[in-house]
Amino acid sequence: MPRLTQEQKKLNHDKIIEAAGRGFRTHGVHGIGIADLMKAAEMTHGGFYNHFDSKDDLALAVIREGFTSSLTALASIREQHPGSAREALDHMFDQYLDPEHRDHPEFGCASAALVTDAGREGVAAQSEYQHGLEGFFTAITEMVLESDADLTAEQAREQAIALFSQMVGAMLLSRAVAQSSPGLADEVLKANNARLKQV
């Protein structure tokens, strides 16, 4: 058999992370096996270990890539509102607290979709998650400072942490009742979105 080129190996590596990202966000790290992840990536089960030492190793890569993707999306929101950090914040709330985001965790932000897994998977997973959190806290702190010049950097960071925590919490609550009570699930998103915009 011909050897894979480095480019093809990288493409395969990325396909596994993408498939695992969807699978882990939907089912949790322990809710889906390697065989099913590799099938979703359209690859053989045996090929997994050419790319990752373990499922835990893959989970770290998924958390890392998930936050990288989400932070890239946040940077894009900032670019769409160059003259108004307040408008960028409101856009972020609208995009994050959207029923579409709630109903499709497989394509959503790692912050809410993988929060429980990060908490259960030990120090390495928590460190990856922490790194992603810090990225959000830094970006939102900058927007808060730009939108309210009276705040100190410490006050702005405190507000950024509270805002992001409220966003993630609202998403988790909305997902928790989305099938049993769609109306309440929507109400949770709308109420938090409205309150966040008043800050």
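Quick note: structure is the one above.
Residues numbered from 1 in each chain as written. Predicted model: local features only at pLDDT ≥ 70, side-chain atom pairs only at ≥ 80, totals over all residues. Heavy atoms only, no water.

**Student:** Any chance you could break down the nonpolar core for me, citing the residues and the numbers?
**Tutor:** Formed by 54 residues in total, the largest nonpolar core has its most connected members in Phe24, Leu58, Met92, Tyr96, Ile140, Met143 and Phe164. Counting residues per element, the ones that place at least two in this core are α1 (6–27), α2 (34–40), α3 (55–80), α4 (85–96), α6 (110–113), α8 (123–147), α9 (153–176) and α10 (182–196). With nine residues, the top contributor of residues to this core is α3. (Core = buried A, V, L, I, M, F, W, Y, C linked by side-chain atoms within 4.5 Å. Buried < 20%, exposed > 50% of the residue type's maximum accessible area, 1.4 Å probe, protein only. Helix = DSSP H or I, 4+ residues; strand = E, 2+ residues; numbered from the N terminus.)

**Student:** An account of the side chain of Ser70 is needed here, citing residue identities and associated values.
**Tutor:** With respect to the helices and strands, Ser70 occurs in helix α3. With residues near it in sequence (within four places) discarded, Ser70 still touches Cys109, Ala110 and Phe136. (Contact = heavy atoms within 4.5 Å.)

**Student:** Account for the side chain of Asn193, naming residues and giving values.
**Tutor:** With respect to the helices, strands and loops of the structure, Asn193 is situated in helix α10. Reaching out from Asn193, the side chain makes a polar contact with the side chain of Asp94 at a distance of 2.9 Å. Setting aside its immediate chain neighbours within four residues, Asn193 contacts Phe93, Asp94 and Leu97. (Polar contact = N/O pair within 3.5 Å; in protein donor to acceptor, adjacent residues only side chain to side chain.)

**Student:** Could you give an account of the environment of Ala153, naming the residues involved and the relevant values?
**Tutor:** With respect to the secondary-structure elements, Ala153 resides in helix α9. Accessibility expressed as a relative area gives 52% for Ala153, which makes it exposed. A sequence separation of 11 residues divides Ala153 from Glu142, and the C-alpha atoms of the two residues are 8.6 Å apart. In contact with Ala153, not counting residues within four places along its chain, are Thr141 and Leu145.

**Student:** Give me the packing of α9 against α10: which residues, what numbers.
**Tutor:** Where α9 meets α10, the closest approach of the two axes is 8 Å, and the angle between their N-to-C directions is 170°. Considered as vectors, α9 and α10 are oriented roughly antiparallel to each other. Counting all contacts with α9, which are made through Leu163, Gln166, Met167, Ala170, Met171, Leu173 and Ser174, the residues of α10 involved are Ala185, Asp186, Val188, Leu189, Asn192, Arg195 and Leu196. Partitioning the contact of α9 with α10 into residue classes produces nine nonpolar, three polar and two charged. (Axes fitted to C-alpha atoms, helices over the stretch in contact; angles between N-to-C directions. Parallel < 35°, antiparallel > 145°, perpendicular 65-115°, else oblique. Nonpolar A, V, L, I, M, F, W, Y, C, P; charged D, E, K, R; others polar.)

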